[in-house]
Number of protein chains: 4
Amino acid sequence: MTVHLIKHAAEDADVAFAARVSTLGGETRFNEVSDKDSGLINYLMRDRHGSPFEHTSFTFYIEAPIFVAREFMRHRTGWSYNEESARYKELEPVFYVPEDGRPLRQVGKPGAYSFELGTYKQFMCVSGDIRRVSSEAYSTYKRLLDLEVAREVARMVLPVNIYTSFYATCNARSLMHFLGLRTKSDAAKFPSFPQREIEMVAEQMEDHFSFQMPHTWVAFQNNGRVAP
Amino acid sequence: MTVHLIKHAAEDADVAFAARVSTLGGETRFNEVSDKDSGLINYLMRDRHGSPFEHTSFTFYIEAPIFVAREFMRHRTGWSYNEESARYKELEPVFYVPEDGRPLRQVGKPGAYSFELGTYKQFMCVSGDIRRVSSEAYSTYKRLLDLEVAREVARMVLPVNIYTSFYATCNARSLMHFLGLRTKSDAAKFPSFPQREIEMVAEQMEDHFSFQMPHTWVAFQNNGRVAP
Amino acid sequence: MTVHLIKHAAEDADVAFAARVSTLGGETRFNEVSDKDSGLINYLMRDRHGSPFEHTSFTFYIEAPIFVAREFMRHRTGWSYNEESARYKELEPVFYVPEDGRPLRQVGKPGAYSFELGTYKQFMCVSGDIRRVSSEAYSTYKRLLDLEVAREVARMVLPVNIYTSFYATCNARSLMHFLGLRTKSDAAKFPSFPQREIEMVAEQMEDHFSFQMPHTWVAFQNNGRVAP
Amino acid sequence: MTVHLIKHAAEDADVAFAARVSTLGGETRFNEVSDKDSGLINYLMRDRHGSPFEHTSFTFYIEAPIFVAREFMRHRTGWSYNEESARYKELEPVFYVPEDGRPLRQVGKPGAYSFELGTYKQFMCVSGDIRRVSSEAYSTYKRLLDLEVAREVARMVLPVNIYTSFYATCNARSLMHFLGLRTKSDAAKFPSFPQREIEMVAEQMEDHFSFQMPHTWVAFQNNGRVAP
């Protein structure tokens, strides 16, 4: 699971300047942070004034298994995507296999469940079976390609744990919405039950976000991790 | 590949009434088709006035393999989705296998390729290999579930040709954008190279569309199948 | 301020069916309400699972002054609009004038203010001045039109309290987002300070919403009027 | 009419890199332009592959009359706005008055009309009347404010030619869509009939666009000014 921040145009000051146009008008500078910005940003977050957070842009390059990309790309508003295509290129034999320590047992019902670590036997079966099925699927894939079957047909045998890669561009508002849904946190006002693997992606994205927009991130954290 | 039109609120008259508010104002009836509607709809399509086509709603229930759903859900603007979750339910052993007659050989390069039918050997290999890999993957999936491994982990071995199901709601404008990209047609002004399997879904959706909004469909067809 | 619900395809059952596809799959009926739907809808609202509310459609026809339409059309996601155009038709001399009882004095600062009724003198001035300026502006508008000045130029003199009319189509999720921001309510978890005139529009829209989707409306009300 | 490009993260190279992830995968550099980029960008534009153009961001600060802002903010997809609020601040007495040379007479019907310059008498009337109505409206506005009437009520008398200011953030795809609709051009494949005043804004935005993304602008121009 790899996340690179390819480029960004996103600072705390962007939020403050955009917000102040409502009450002051005529501001044209966009690159200095005033003393009052932190308080203003917290107020905007708390009372759910979301639009000032949109004048920002993050472009990430992400490598993740297909089952993660599938969840990721359900985020529509304020997101743009370009993804590696298994119709246009041959996929590499890179598959996700859960590491030791990935909880394997689900306890409870949808909407209120937790995970436990799993037994040694479970871990060995998961690890072994996923490796075996991935390997066999990829051999079949290659065999079909060697027979000159079209990539878009041969790829049908590949499992959802094969890696894909994509660019994802968003603004701070859409990013916070994603982070609020795709991570668990004690600071969160609303429960969320993300799959661990997309959370691993989200955590890396959040590191970039908190580094680029520290005041916005603190306000997000202090207001229940609910996107404004 | 199954497409049901679950419900709709979409008629040609909706387009005409929405358009006439610009020039007449004050119209409040929305359910009769006047003689001039057909010409108006064609004019709107031709000159790319898209917004009048948005006051319409189609909800489809679709069963398709994951590799089709992946392409489908890249359509963001004007689309809403709810999909069966392999985290919350056990998937059924229903897999897509190309039928005899599905072209298997790709000829040419990205952006300008075509497909040929494939040899008997190719067809037998594709068909046999996809069945075998699907079957082995599903057995492994069930074995992991029997070991009480969480569904969200066990599903990692499943190939992208397993069926999923989802609701998709759109308006006539977003639907035409989808149809223009996901079908090939001699009437199309711009080339498109959809994977055959998503085209099979799109064709069924287009049947529903042309039945519910015949004048709009004709105008779409007569104007190069470019969404306004 | 007039709001007509022109058409709709929106029932509580739509929400429940869309939600159940996640856990059950394969549902294709969309028109019956089960006993458990109410609880499910409340759960979705509470934990902010928004997408099941999107498979619904409301089309409103609204007559309101330009300053209200301006605020209204800032709502982008999940909204479609077609509006009367002062470039294509001559506007009617219909202007908004606050009625007796409309609070006229603002007390407090942005983000935490309230309104008081105003004195008799204030009311007389507001009422008289708005009538006078509207009337003079409209006379000038007509005079310019009589001189064969283009409508798009002549309209520049018209004040923002002149009425416009438009169709607005949304789904239940985007509608709740609008209602949460454009009304004040004791039930609201977050403060909002809508202009009274857009609130008058929103209240009529909410009447339609609560009538068509009563369980969804109750869940919205019981969960702080925060759109999921 | 003022347009400042406040900040941007938008280069031709962004488009090429985003597009190449489909066929190459694994690219992570985003800041160099290769020799083949220009051809690739033209191909993407021609065949309407729009998503690679979305990984870019422009933030404009715009001063324009309300009737222009109204048309501008009808652009929803891929646009973010924050605007000066006449509820929170007192507006300045700055009004738009057409200059000598602004065509004043409309000839023809909706969908196929043109403009002529107008007579001297027409110009004098337009200029004089707009100045007079603006001035009287603003005096009334100030009088109501002096009487301690709330800003949100007093502003109802202001005409739509008063200036407002706002930040607008978009990507190259949404920007091209705007430019295609809001300018006239011999290079355009589809007719458009923008109001001259929004075209004056669009032309300034296009200057910034063509400077920042010259290859993309050329491809836009060469392909009928239709956004991909």
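Residues numbered from 1 in each chain as written. Chains lettered and ligands numbered in written order. Predicted model: local features only at pLDDT ≥ 70, side-chain atom pairs only at ≥ 80, totals over all residues. Heavy atoms only, no water.

Draft legend 1. Broad picture of the confidence of the model for chain A. Confidence along chain A averages 93 in pLDDT terms, with 95% of residues attaining 70 or more. Of the two predicted TM-score estimates for the complex, the pTM is 0.96 and the ipTM is 0.94. (pLDDT = per-residue confidence, 0-100.)

Draft legend 2. Fine view of the interface of chain D and chain A. Between chain D and chain A, the contact holds 41 residues from the first and 41 residues from the second. For the pairing of chain D and chain A, the buried interface totals around 3,000 Å² over both sides, and the portion due to carbon and sulfur atoms is 56%. The largest per-residue losses of area from chain D upon contact with chain A belong to D:His55, D:Asn82 and D:Tyr167, which jointly make up 21% of the total buried on that side. For the pair chain D and chain A, the number of links is 2 salt bridges. For the pair chain D and chain A, the interface holds 16 residue pairs in polar contact (both at pLDDT 80 or more). For the side of chain D that touches chain A, the class distribution of residues is 16 nonpolar, 17 polar and 8 charged. (Contact = heavy atoms within 4.5 Å. Buried area = accessible area lost by both parts, 1.4 Å probe. Salt bridge = Lys/Arg side-chain N within 4 Å of Asp/Glu carboxyl O. Polar contact = N/O pair within 3.5 Å; in protein donor to acceptor, adjacent residues only side chain to side chain. Nonpolar A, V, L, I, M, F, W, Y, C, P; charged D, E, K, R; others polar.)

Draft legend 3. Representation of the nonpolar core within the structure. C:Phe72, C:Met205, D:Phe72 and D:Met205 are the most contacted members of the largest nonpolar core, which has 135 residues in total. Setting aside residues no more than four positions away along its own chain, C:Met205 makes contact with C:Val3, C:Phe60, C:Ile62, C:Phe72, C:Trp79, C:Leu175, C:Phe178 and C:Leu179. Formed by 134 residues, the second largest nonpolar core is a distinct cluster that contains A:Leu147, B:Ile130, B:Ala150 and B:Ala154. (Core = buried A, V, L, I, M, F, W, Y, C linked by side-chain atoms within 4.5 Å. Buried < 20%, exposed > 50% of the residue type's maximum accessible area, 1.4 Å probe, protein only.)

Draft legend 4. Representation of the relation of the copies chain C and chain D in the model. With an axial shift of 0.0 Å and an RMSD of 0.0 Å, the rotation relating chain C to chain D amounts to 180°. When the rotation and shift are considered jointly, the pair of chain copies conforms to a two-fold rotation axis. Looking at the rotation axis and the C-alpha trace of chain C, the residue lying nearest is C:Pro159, at 1.8 Å. Here 100% of the interface residues in chain C have copies in chain D that are interface residues too; the copies meet face to matching face. (Least-squares fit on C-alpha atoms with pLDDT ≥ 70 in both.)

Draft legend 5. Quick peek at the environment of D:Asp37. All names here are of chain D. Along the chain, Asp-37 turns up in helix α2 (residues 37–46). Given the relative accessible area of 1%, Asp-37 is considered buried. Between the C-alpha atoms of Asp-37 and Asp-14, which are 23 residues apart in sequence, the distance is 9.9 Å. (Helix = DSSP H or I, 4+ residues; strand = E, 2+ residues; numbered from the N terminus.)

Draft legend 6. Here's a closer look at the packing of aromatic side chains. This structure, assessed with the given rule, holds 52 aromatic pairs over all chains. Relative to A:Phe60, the ring of A:Phe58 lies with its centre 6.0 Å away and its plane at 5°, an arrangement referred to as stacked. Both residues of the pair, A:Phe58 and A:Phe60, belong to the buried class. Measuring from centroid to centroid gives 5.4 Å for A:Trp79 and A:Phe178, while their planes differ by 55°, and the two rings are tilted. Of the two residues, A:Trp79 is situated in strand β3 (residues 79–83) and A:Phe178 in helix α6 (residues 172–182); the sequence distance between them amounts to 99 residues. When its relative accessible area of 3% is taken as the criterion, A:Trp79 is described as buried. Aromatic ring contacts, followed pair by pair, group A:Phe72, A:Trp79, A:Tyr81, A:Phe166 and A:Phe178 into a single cluster. Its end group placed over the ring of C:Phe115, C:Arg102 keeps NZ or CZ at 5.7 Å from the ring centre. (Phe/Tyr/Trp six-rings, centres within 6.5 Å; stacked < 30°, edge-to-face > 60°. Lys NZ or Arg CZ within 6 Å of the ring centre and 35° of its normal.)

Draft legend 7. A look at the sheet that holds strand β6 (residues 163–170) of chain A. One open sheet holds the 4 strands; their spatial order is β1-β2-β6-β3 (chain A), and the pairing between them is antiparallel. On the outer flanks of this sheet lie β1 (2–9) and β3 of chain A, each paired with one strand and no other. Averaged over neighbouring strand pairs, the angle between their axes works out to 20° when direction is ignored. Sheet topology places β1(A) next to strand β2 (residues 57–65) of chain A; 7 bridges connect them, and they run antiparallel. Note that in β2(A) the partner of A:Lys7 across the bridge is A:Thr59. Packing of helix α1 (residues 12–23) of chain D onto the sheet brings it into contact with β1, β2, β3 and β6 of chain A, and relative to β6(A) it is tilted by some 150°. (Pairing = 2+ DSSP bridges. Axes fitted to C-alpha atoms, helices over the stretch in contact; angles between N-to-C directions.)

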